[in-house]
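The chain contents come next:
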Amino acid sequence: MNSAKTATLKIQTPEGIFFSFQLAGPIPRFMGWTIDAASISVIASIINGLLGFMGIVSRDLASAATVLAYFLVSIGYGIVTEWYWQGQTIGKRLLRLRVMDVQGLRLRFSQVVIRNLLRFVDSLPAFYMVGGLTCLISGRAQRLGDFAANTIVVWNPKISEPDLSQLLEGKYNSLHDYPHLEARLRQHVSPQQAGIALQAVLRRDELEPQSRIELFRDVALHFKRIVSFPSEATDGISDEQYVRNVVDVLFCTKK
Amino acid sequence: MILDLKKFIAEEKAYWTELETALEDLETKPGHRLKLNELKRFHYAYQRTSADLAKLRTYSSEPNIRRYLESLVARAYGEIHETRQKPHRLTPFHWFFTVFPRTFRQHLRAFLISLAAMLLGCIFGGFALGIDPAAKEVIMPFTHLKGDPSERVAKEEGADDDRLKGAKTYFSSYLMTHNTKVSIFTLALGVTYGIGTLIMLFYNGVILGAVAFDYITAGETLFLFGWLLPHGAIEIPAILFAGQAGLILAGALIGWGRPVSLRMRLRKISADLVTLIFGVAILLIWAGIIEAFFSQYHEPVIPYAAKIGFGMIELIVLTLFLAKSGKERSI
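Each chain carries its own residue numbering, running from 1 in the direction its sequence is written. Starting at A for chains and at 1 for ligands, labels are handed out in the order in which the entities are written. Totals for whole chains, interfaces and linings use every residue, but because this is a predicted model, local features are given only for residues with pLDDT of at least 70 and side-chain atom pairs only at 80 or more, for both listing and counting. For the side-chain quantities, the full set of heavy atoms in the structure was used; hydrogens and water were omitted.

Draft legend 1. Spatial organisation of the overall build of chain B. Numbering of helices and strands runs from the N terminus, with a helix taken as a DSSP run of H or I at least four residues long and a strand as a DSSP run of E at least two residues long. When helices and strands are counted, chain B shows 12 helices and 0 strands. Overall, chain B shows an N-to-C arrangement of helices and strands of α-α-α-α-α-α-α-α-α-α-α-α. Based on C-alpha atoms, the radius of gyration is set beside the globule rule, defined as 2.2 Å times the residue count to the power 0.38. Against the 2.2 N^0.38 benchmark of 20 Å for 331 residues, chain B shows a C-alpha radius of gyration of 28 Å, more extended than a compact globule. Its C-alpha atoms put chain B at 90 × 50 × 35 Å along the principal axes. Note on exposure labels: buried denotes an accessible area under 20% of the residue type's maximum, exposed denotes more than 50%, and partly exposed covers the range between, all computed with a 1.4 Å probe on protein chains only. By the burial criterion, 48% of the 331 residues in chain B qualify as buried. Of all intrachain contacts in chain B linking residues separated by at least 6 positions in sequence, the fraction that spans at least 24 positions is 78%. If you sum the accessible surface of chain B, you get close to 16,700 Å²; carbon and sulfur atoms cover 66% of it. Positive residues here are Lys and Arg, negative ones are Asp and Glu, while His and the chain termini are left out of the count. Where a charge lies is defined by one atom per residue type, namely NZ (Lys), CZ (Arg), CG (Asp) and CD (Glu). Placing the 37 positive and 31 negative side-chain charges of chain B at their respective mean positions leaves the two points 10 Å apart. Every residue pair with non-hydrogen atoms within 4.5 Å of one another is taken to be in contact. Computed with the Shrake-Rupley method and a 1.4 Å probe, the accessible areas treat only the protein chains shown as cover for residues.

Pasting the structure below:
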């Protein structure tokens, strides 16, 4: 396992497969905690309101129930939600954060309890200063509670399947007329270069018009340097169209 | 070579979906057990997805599918390579009467260190008050302890009305929550390599020793035991167990030259810490009830002999419970 001081934690399975977790830093975690603190206040207020009715029977009993309920909510909130939602609280769910075992194994109940109880130290002297500083220093962005419980907090960005329909399905691609040059292109282009071209095509609508023109000009120029197609294949098409053709050649092998 | 993504996705997606469905079942239904044929399929889907991830990483740099497959492989990895036993059904009686005392006995040395720290604090507290009575103002945490013990005893014994009337349950719940917070804090301070835990235990000992010295030298020994024993017989050991848990954590952090990695040491003790702190919480519920409903009433309402007797019985039962309960019978 690689625990290099980066924002990711890489794990190698016995099958030799690597996968990585993107570690969450102190800022998103603090934001998550703010949401959780607000959630605890709301839950406690609701319970408080409900227990208010007990005051009709006994004021002493109602006061005791309020004290106990607040204690249980403030201590139990993190434990219950992280256990029930497999490492997530309301704040973590909203910010796509998740608590995980440091070795990528299933999160245990004892780990959830320990990391939540050690908040008592992490929150010292105020606003999670100890926890935040430890998180900054730690190679795995762990606060003391995470360290003792063998847990990490990861950020899971929204993952969606790429919309490959944006490629040239069913449309004419002038590069297909030169299969030997297509083969050379596939041979000489690395997966990383191909990935850049694919991302440029898939995310082109997110770009400013001027940036879009400049980006596709640079990318097209790069691929033209790798393999030079005859002018019949490239004349009259824009740089963006050229890159789309290249991506089509690289990612959608002609049947 | 660059992967034909469309063809690749079309061919492999069924296996990814199969793995994802199985994972969702395993993650959302804790009691779910796979049958042998399901297990084989699950393993096959995991291996296939792992191979797809390797292929994708080698022949394509499409980040979205890579991340999706990584998340599937990561989740499946957690399920397949998990060697720790899955938690059983919740069995509170078994846990309290077997697991808790066994855990206590297993870490007896940490408890003895915890006890020693508190006793040292007691000696120091008594000694400090003995050489400098003015230190009382600083040491005593509550105002009612800062006055003259004999005056307090006379006031308590001569009281006509119940000062906790209509607030006993509230007082009891306050004591439970406050003491549990102190206990959790004592455990959590174990992360400071035990220094914080030892300071907490020592500090509590100082208060206890100072109070004891103050009341004994004032000739109020009977009142002191009658007042403290009924709840203290449980509350003080509970704080000591929290200290024990903190010192177990510290021991795992320090390692003491054991040829086991820090991660493994922490993993090994995590269940024990949880057992001890939940045990402490239960004991403090009892102590809170006794303190609010019993300890605060003195002679002539409740004779001191009855209160001291009750406290002694609690202490004996607790000692027997910790020493004998859940003990494996030798054949």
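Having seen the structure, we can now continue with the description.
Draft legend 2. Just the pattern of salt bridges, in detail. Residues and elements named next belong to chain A. What counts as a salt bridge is simple: a side-chain nitrogen of Lys or Arg found within 4 Å of a carboxyl oxygen of Asp or Glu. Enumeration according to the criterion identifies 17 salt bridges over all chains in this entry. Notably, a salt bridge pairs Arg 115 with Asp 146, separated by 2.8 Å at the nearest N-O pair. Pair noted here: Arg 115 is in helix 5 (residues 109–117) and Asp 146 is in helix 8 (residues 144–149), with a separation of 31 residues, a long-range link. Residue classification places Arg 115 among the buried residues on the basis of a relative accessible area of 1%. Note that Glu 206 is salt-bridged to Arg 203, the shortest N-O span being 3.6 Å. According to the relative accessible area criterion, Glu 206 is exposed, its value standing at 60%. Residue classification places Arg 203 among the partly exposed residues on the basis of a relative accessible area of 45%. Each of Arg 29, Glu 82, Lys 92, Arg 115, Arg 119 and Asp 146 takes part in a single network of salt bridges with overlapping partners.

Draft legend 3. Representation of the side chain of Ser 172 of chain B within the structure. Assignment of secondary structure puts Ser 172 of chain B in helix 8 (residues 168–188). Apart from residues no more than four positions distant in its own chain, Ser 172 of chain B is found in contact with Gly 288, Ile 289, Ala 292 and Phe 293 of chain B.

Draft legend 4. Structural detail: the nonpolar core. Within the largest apolar cluster, 60 residues are counted, with the highest numbers of intra-cluster contacts made by Phe 21, Leu 185, Phe 223 and Phe 229 of chain A. Those residues in contact with Leu 185 of chain A that sit more than four places away from it in its chain are Phe 223, Val 227, Phe 229, Val 246, Val 249 and Leu 250 of chain A. Membership of the second largest hydrophobic core comes to 57 residues, among which are Val 113 of chain A together with Val 191, Ala 238 and Val 280 of chain B. Here the nonpolar core consists of buried residues drawn from Ala, Val, Leu, Ile, Met, Phe, Trp, Tyr and Cys, with membership extended through side-chain atoms lying within 4.5 Å.

Draft legend 5. Structural context of the packing of aromatic side chains. Aromatic rings from Phe, Tyr and Trp, taking only the six-membered ring of Trp, are treated as a pair when their centres fall within 6.5 Å; an angle between ring planes under 30 degrees marks them as stacked, one over 60 as edge-to-face, and anything in between as tilted. Throughout the structure, instances matching the rule amount to 27 aromatic pairs over all chains. Arranged with centres 6.2 Å apart and planes meeting at 70°, the rings of Trp 16 of chain B and Tyr 68 of chain B form a pair that is edge-to-face. Of this pair, Trp 16 of chain B sits in helix 1 (residues 5–28) while Tyr 68 of chain B is found in helix 3 (residues 63–80), placing the two residues 52 residues apart along the sequence. Each of the two residues, Trp 16 of chain B as well as Tyr 68 of chain B, counts as buried. Centroid distance Phe 96 of chain B to Phe 97 of chain B: 5.2 Å. Interplanar angle 85°. Geometry classified as edge-to-face. Look at Phe 96 of chain B and you get buried, because its relative accessible area is 17%. A connected cluster of aromatic rings, assembled from ring pairs, spans Phe 93, Trp 95, Phe 96, Phe 97, Phe 100, Phe 104, Phe 111, Phe 241 and Phe 321 of chain B. When the ring centre of Trp 85 of chain A is taken as reference, the NZ or CZ atom of Arg 93 of chain A above it lies at 4.4 Å. Any Lys NZ or Arg CZ that is within 6 Å of a ring centre and within 35 degrees of that ring's normal is treated as a charge sitting over the ring. If you follow Lys 224 of chain A out to its NZ or CZ, it ends over the ring of Tyr 242 of chain A, 4.9 Å from the centre.

Draft legend 6. Here's a closer look at the packing of helix 11 (residues 262–295) of chain B against helix 12 (residues 304–324) of chain B. Residue and element names in this part refer to chain B. Between N-to-C directions, angles span 0 to 180 degrees; the directions come from axes that are lines fitted to C-alpha atoms, helices contributing only their stretch in contact. With their axes 13 Å apart at the nearest point, helix 11 and helix 12 run at an angle of 175° to one another. Comparing their axes, helix 12 and helix 11 come out roughly antiparallel. Across the interface between the two elements, Leu 283, Trp 286, Ile 290, Phe 294 and Ser 295 of helix 11 pack against Lys 307, Phe 310, Glu 314 and Leu 318 of helix 12. Residue type decides the class: Asp, Glu, Lys and Arg count as charged, Ala, Val, Leu, Ile, Met, Phe, Trp, Tyr, Cys and Pro as nonpolar, and the leftover types, Gly among them, as polar. The residue makeup of the contact of helix 11 with helix 12, split by class, is 6 nonpolar, 1 polar and 2 charged. For classification purposes, an angle smaller than 35 degrees is called roughly parallel, one larger than 145 roughly antiparallel, one from 65 to 115 roughly perpendicular, and anything else oblique.

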